[in-house]
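Commentary on secondary and tertiary structure
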Amino acid sequence: MEIIWVLVGSGILILVFLTLWLRERRRAQIEYIAYGLRADEESDENTKTNITQMEASFQEAVSKLEELGLVKQDSWGVWIWTETGRPVGSDLKND
């Protein structure tokens, strides 16, 4: 009879610890999700910053090339090389 009470007591303790462990895992999973959402917001902001910096660098490079007379805009607003008449950024291997 004593063995049955020990087994019942052990079973209850196991259930209590299992319940507490599962509850803690659930909270941890929610924290991971929240952290992931925050990380996505930060990465989006970093991407926007990088794109802005790239656009600024491109505009600066094009304005310097324009000052040197190496590029100009055609009637469609496309930047082209003055020597070859090819669009800036086109593949030069197709000659």
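Note that the structure is a prediction, hence the values are computed from the model and not measured.

Counting its regular elements, the protein chain contains one helix and two strands. Order of helices (α) and strands (β) in the protein chain, N terminus to C terminus: α-β-β. With 95 residues in all, the protein chain has 5% of them scored as buried. Taking all contacts inside the protein chain whose residues are at least 6 apart in sequence as the whole, residues at least 24 apart take part in 0%. Of the roughly 8800 Å² of accessible surface on the protein chain, a fraction of 61% belongs to carbon and sulfur atoms.

It is worth spelling out a nonpolar patch on the surface at this point. On the surface, a nonpolar cluster with roughly 1000 Å² of combined accessible area is contributed by M1, I4, W5, V8, I12, L13, V16, F17 and L20. The residue L13 is located in helix α1 (residues 2-67) in this model.

Next up on the list: the pattern of salt bridges. If you walk through the whole model with that rule in mind, you get one salt bridge. One salt bridge in this structure joins K64 and E60, with 3.4 Å as the shortest N-O distance. Note that K64 and E60 are positioned in helix α1 at a spacing of four residues, about one turn of the helix. A relative accessible area of 44% places E60 in the partly exposed class.

Glancing now at the environment of S90. Secondary-structure assignment places S90 in the segment after β2 (79-81). For the pair S90 and I80, spaced ten residues apart in sequence, the C-alpha to C-alpha distance is 9.3 Å.

Of the residues in the protein chain, 77% have a pLDDT of 70 or more, and the chain-wide mean is 81. At the low end of the mean pLDDT range in the protein chain sits α1, at 81; at the high end sits strand β1 (residues 71-73), at 89.

Moving on to the environment of V78. Looking at the element boundaries, V78 is found in the loop between β1 and β2. A C-alpha to C-alpha distance of 8.1 Å links V78 and V88, two positions ten residues apart in sequence. In contact with V78, other than residues within four places in its own chain, are K72, Q73 and P87.

What counts, and where the lines are drawn
- Residues numbered from 1 in each chain as written.
- Predicted model: local features only at pLDDT ≥ 70, side-chain atom pairs only at ≥ 80, totals over all residues.
- Heavy atoms only, no water.
- Helix = DSSP H or I, 4+ residues; strand = E, 2+ residues; numbered from the N terminus.
- Buried < 20%, exposed > 50% of the residue type's maximum accessible area, 1.4 Å probe, protein only.
- Contact = heavy atoms within 4.5 Å.
- Areas by Shrake-Rupley, 256 points an atom, 1.4 Å probe, with all protein chains shown as cover.
- Patch = residues over 30% accessible without salt bridge, like charges linked within 9 Å, V, L, I, M, F, W, Y side chains within 5 Å.
- Salt bridge = Lys/Arg side-chain N within 4 Å of Asp/Glu carboxyl O.
- pLDDT = per-residue confidence, 0-100.

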